Structures are given as C-alpha cells and as structure tokens.
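# Analysis of the macromolecular model
If you want the building blocks of each chain, they are given just below.
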Amino acid sequence: MTANNALTWADLPARQQPIWPDADALHAAQQTLSTYPPLVFAGECDVLLERLGEAARGEAFVLMGGDCAETFASATADNIRDRVKTILQMAAVLTYGASMPVVKIGRMAGQYAKPRSKNTEVRGGVELPAYRGDMVNDFAFDEPSRIPDPQRLLRAYHASSATLNLVRAFTQGGFADLRHVHDWNRGFISNKANKRYEKIANDIDRAMRFMKACRVDFEALRSVDVWASHEALLLDYEKPLTRIDSRTGRPYGTSGHFLWCGERTREREGAHLDYISRISNPIGVKLGPTATGADALELIERLDPDAVPGRLTFITRMGQGKIREALPPILQAVKDSGRLVTWVCDPMHGNTFESENGYKTRRFEDIVEEVRGFFEAHAQVGTHPGGIHVELTGNDVTECLGGVMHLEDADLGRRYETLCDPRLNHQQSLELAFVVAEMLAE
Ligand code: PEP
Ligand code: MN
C-alpha cells in the first residue's frame, strides 16, 4: 500500500457531514490519519469480494451484524468478544440451514459515524447539535460535548484498530472452534422457552457426530474469517484512509473490508456515491421502500461497470409492510438486465417506531416478517436471497420488543443502552438465526 497523495477527489456536495469548528485542526487530524497504517488490506478485500460473488450466485449466505453506532466506551474486550460470539453462533445455525458457507461480516471496527434525521436535538427546551457518532461528537447533552472535534477521527481509528486486533485474535485463535460454537448453541436451546428450535440443534448435533465419524479435521475448523464493515459516511475519515494498492495501482478504502452508502446519502450528484465508486472494495448501497428498478440499474451501471459479481451489494430496508410490494419489481428489473448483485435484507431500518413510553424500538416479529417477505420476493422472481444485515449486540439489552422472552414496552427501560437504533440482544439474535435457518431449509 502506498500513500494516498496520488488521489484527488472531486469537490461534490456531501450530506450528513459535521460542521467542524476549526478547519486547521481538521486538516491536522486528516494529515495524521493519512500517515497511519491501513486497518485492512487490499488482498483481504479481494477475498471478501469473491465470497460476496458466491452469495450473488446463490452459493453462499451473508450474515452482517453489529451495533447501530459503536462507541469508544463500549469497545471493551468483553463486548467485542460477546458480539463476535453472537455472530459465530448465528453463523453456525445459518450454515446448517442454508447448507452453504456463511460470509460473516461484523458491523464493527469503524461504525462510529451516524446520519441523523435532524441537525439538532431539543431536550427540555434546550437545542443543541445532534449526536453524530463518537467519531464526531459526544452523546452527553451539553454544549461542549456536542461540538464536533476532529481529534475524534484519530480516536475512531485507534478504537477500530484495537477492535480489529481482537476480532482477528478471537477468530484465528481457537475461540471460533465449531465444537465450542455448537456447545454455546446447545446452551441457548437448554432454555425451555427455546424448545421450538430443538430440532435444528439436534440435527446439527447429528451432523457434527457424522463429521467426527468421517474423521473431519475439526482442528482445521478452528479459525474463520470475520470481515469488518461500516457505513462510509464521514468522508473526512474515509478519504485519508484510502490508499493505492501497490500490487494493482488501484485505490482501496482501508478503514474496513466492506463499505456501504446509506439511504440518506446515496443521491446521484453527491460525494458518497462518488467515493464508493472510486474504491475497489466490495461495496453496498442501502435501498429503501421508494427505490425503483431504474434506480437500481443506474447504481449498477455506475458502481459495477465491469460487472464483477460480489462488487455490489444492495441492502434492502423496506419495512415489513412494504417489502412484498416494493422489492419484486426491483429484483425483476435487475434480473431482466442480466446483471448480478448480492441481495441482502436489512429488516431493521424499515421497522423502527417509538414505543408508548418514548423508546425508539422495533418488534422482533416485524423483523422476522420482513425477512420472510424478502425470501418470498426472491422466490417469486427467481433471484437469490443473499443474506441478512442486522443491528445486534452480544449483551442482554432490552431495546427490541418481542421474541421468546416476550419483551414489552415496560421492559425497555431496564437495559436500553444504544445511543442510536435499537439492537437485537444476544437471545433475540440467536432466535432470528434459528428462524432464518428454517426459512433457508424450506
Ligand atoms: C444504519 O444502517 O444504521 C442506517 C442509518 O441505515 P439507513 O441508511 O438504511 O437508514
Ligand atoms: Mn441504525
């Protein structure tokens, strides 16, 4: 990887960027970032791109999950371990359900910037700039905390680096051993409430015994790949971390393996689509319920001009009530064009509402229903449902309603910890994996 001073960027309008109070301080932070080592390597991104190509062809299934907004304070060893553990447990169940490799991607090690629906937040008659993620300002509701501070770009880099270091250690050092992962899943099933999923767990047991009888080398299954992804929102962070790959001369975003453009920043003339069009990583674009087949085709032409399967993932987030109507025409238009993209369902962002007691929440049952609609839409059109993208944590938080624990409005206050969108807790995440595994096996 060489430095990025060979890169020039067009000066395009960028939505959702902070107004940094001190241009010199911003410039100094960017200068420093541009001297830091890449967090991920071009060759790794290329491997992930191939894996996503398999998902586009229906030969693999993608599981992308993690916090809505990571925070510096929650980048602890325990939290990172528990999130990785949750992803590994879900992946084991999905692998069985899909009878396909699962491409495991953490929404981790860089998910520190958030788009907001309003520029300011009002509480008790006081109006302050909105919280835009730990990479920009602090969540505390006072004026100094909410002033964007470019030093936070550097802190985000270091927190991402420490997170990735742990993710790599956990996934290469024996923690990901399939035998442990399956034992953890047995723990989930031992809870009476989860009895309904016993059959799949027993089937996996039998499959493991079969593998053992065939003398499958379980030692070789002790390490797995978990890739890092986040929304490429804050271009003042992404651009200094964009580097030219010395092997190929092509630019890569080195802040994460997979970078996506959000629903609020994917406008045609904007800087975000321009940015992701220029990097060689596998990339994603969120598509909400108003997206059309023509929008999808235009994005494909622009972002995947060489028609490389795995290059472009559409992450659809329509809402459970809209997906069955909104998604099939888009799938059909893409299918008719003969182009191949990876289709991933985000069943979270179209299903958010405010509970009566004032918490931003989602219902587990709505999330399941959107995934079901996603599978139905693909079955109807004859395209491949390539994966799911979920906001989750390994902790026992109470942010989403429902699931076998039957969380209700009154439970939300007990452990509501997210600074942005509500996440599935550990149990709800596993339950979702079992339900989706059933859908995949159908
Ligand atoms: C998100 O993924 O947290 C997000 C803001 O999503 P979207 O761009 O789909 O609204
Ligand atoms: Mn979110």
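A short tour of the structure in this document, coming up. (Residues numbered from 1 in each chain as written. Chains lettered and ligands numbered in written order. Predicted model: local features only at pLDDT ≥ 70, side-chain atom pairs only at ≥ 80, totals over all residues. Heavy atoms only, no water.)

### Brief notes about the overall build of the chain
- A tally of helices and strands in the chain yields 14 helices and 14 strands.
- The C-alpha atoms of the chain give a radius of gyration of 21 Å, which matches the 22 Å a tight globule of 442 residues would have.
- Judged by the C-alpha coordinates and their principal axes, the chain covers about 65 × 55 × 45 Å.
- For the chain, the residues scored as buried account for 57% of the 442 residues in total.
- Roughly 17900 Å² of accessible area belongs to the chain as shown, and the carbon and sulfur atoms make up 50% of that amount. (Helix = DSSP H or I, 4+ residues; strand = E, 2+ residues; numbered from the N terminus. Rg over C-alpha atoms; globule rule 2.2 N^0.38 Å. Buried < 20%, exposed > 50% of the residue type's maximum accessible area, 1.4 Å probe, protein only. Areas by Shrake-Rupley, 256 points an atom, 1.4 Å probe, with all protein chains shown as cover.)

### Focus: the pattern of salt bridges
- In the structure shown here, the tally under the stated rule is 38 salt bridges.
- Between Glu301 and Arg339 there is a salt bridge; the shortest N-O distance is 3.3 Å. Of the two residues, Glu301 sits in helix H10 (residues 293-303) while Arg339 sits in the loop between helix H11 (323-337) and strand E11 (342-345), which places them 38 residues apart along the sequence.
- Given the relative accessible area of 17%, Arg339 is considered buried. (Salt bridge = Lys/Arg side-chain N within 4 Å of Asp/Glu carboxyl O.)

### Considering the packing of helix H3 (residues 77-98) against helix H5 (residues 151-172)
- Remark: H3 packs on H5, axes separated minimally by 10 Å, with the N-to-C direction vectors making an angle of 50°. In terms of orientation, H3 lies oblique with respect to H5. Relative to H5, the crossing made by H3 is right-handed. For the pair H3 and H5, contact is made by Ala77, Ile80, Arg81 and Val84 and by Thr163, Leu166, Val167, Phe170 and Thr171, respectively. (Axes fitted to C-alpha atoms, helices over the stretch in contact; angles between N-to-C directions. Parallel < 35°, antiparallel > 145°, perpendicular 65-115°, else oblique. Left-handed = near helix turned anticlockwise from the far one by under 90°. Contact = heavy atoms within 4.5 Å.)

### Things to note about the side chain of Glu391
- Its place among the elements puts Glu391 in strand E14 (residues 387-391).
- You can call Glu391 buried: its relative accessible area is 0%.
- A polar side-chain atom of Glu391 sits 2.8 Å from a polar atom in the side chain of Arg362.
- Contacts of Glu391, omitting those with residues within four sequence positions, involve Gly66, Cys68, Arg107, Met348, His349, Arg362, Asp421, Pro422, Arg423 and Leu424. (Polar contact = N/O pair within 3.5 Å; in protein donor to acceptor, adjacent residues only side chain to side chain.)

### So, helix H6 (residues 178-190)
- The end-to-end C-alpha separation of H6 is 18 Å, in line with the 18 Å expected for 13 residues at 1.5 Å each.
- On the buried face of H6, the contacting elements are H3, helix H7 (198-213) and helix H14 (426-441). (Expected span 1.5 Å × (residues − 1).)

### Some remarks on the coordination of the manganese ion (ligand 2)
- Around the manganese ion (ligand 2), the protein contributes the donor atoms Cys68 (SG), His349 (NE2), Glu391 (OE) and Asp421 (OD), at 2.1 to 2.5 Å from the metal centre.
- When the donors of the manganese ion (ligand 2) are listed by position in the chain, the intervening gaps give C-x280-H-x41-E-x29-D. With Cys68 in the loop between strand E1 (61-66) and H3 and His349 in the loop between E11 and strand E12 (353-354), the pair connects residues that are 281 residues apart, well separated along the chain.
- What makes Cys68 buried here is its relative accessible area of 0%. (Donors = N, O, S within 2.8 Å, 3.2 Å for Na, K, Ca; no water.)

### What about the packing of helix H12 (residues 364-381) against H14?
- Packing of H12 against H14 leaves a shortest axis separation of 11 Å and a crossing angle of 25°. By the angle class used here, H12 and H14 are roughly parallel. Crossing angle aside, the handedness with which H12 passes H14 is right-handed. On H14, the residues touching Phe364, Ile367, Val368, Val371, Arg372 and Phe375 of H12 are Gln428, Glu431, Leu432, Val435, Val436, Met439 and Leu440.
- Looking at the contact of H12 with H14, its residues break down into ten nonpolar, one polar and two charged. (Nonpolar A, V, L, I, M, F, W, Y, C, P; charged D, E, K, R; others polar.)

### Section: the pairing of strand E2 (residues 102-106)
- Across the five residues that make up E2, a large majority, five, are buried.
- Of the two faces of E2, the one holding Val102, Lys104 and Gly106 and the one holding Val103 and Ile105 are both buried throughout.
- Bridge count between E1 and E2: five bridges; the pairing is parallel. Residue pairing across strands places Leu63 opposite Lys104, the latter belonging to E2.
- After leaving E1, the chain enters H3 and then returns to the sheet as E2, a path that is right-handed.
- Here three bridges tie E2 to strand E5 (residues 226-231), and the two strands are oriented parallel to one another. In the strand pairing of E5, Lys104 is matched with Val226. (Pairing = 2+ DSSP bridges. Right-handed = clockwise from strand over helix to strand, strands pointing away.)

### Let's talk about the nonpolar core
- Membership of the largest hydrophobic core comes to 109 residues, with the highest contact counts inside it found for Tyr237, Ile276 and Phe314.
- In terms of residues, this core owes the most to one element, H3, which gives ten residues.
- Ignoring sequence-local partners within four residues, the contact set of Phe314 consists of Val285, Leu287, Ala296, Leu299, Ile300, Val341, Thr342, Trp343 and Val344.
- Counting residues in hydrophobic clusters, the runner-up holds 13 residues, among them Ala55, Ile105, Phe258 and Val344. (Core = buried A, V, L, I, M, F, W, Y, C linked by side-chain atoms within 4.5 Å.)

### Looking at the site of ligand 1
- Every residue lining ligand 1 is accounted for by Cys68, Arg107, Lys114, Pro115, Gly262, Glu263, Arg264, Lys286, Arg317, His349 and Glu391.
- Residue Glu263 places a main-chain N or O atom 2.9 Å away from an oxygen atom belonging to ligand 1.
- A distance of 3.1 Å separates an oxygen atom of ligand 1 from a polar side-chain atom of Glu391.
- Calculation on ligand 1 without its partners gives an accessible area of 300 Å², and the protein chains cover 97% of this total. (Near = heavy atom within 4 Å.)

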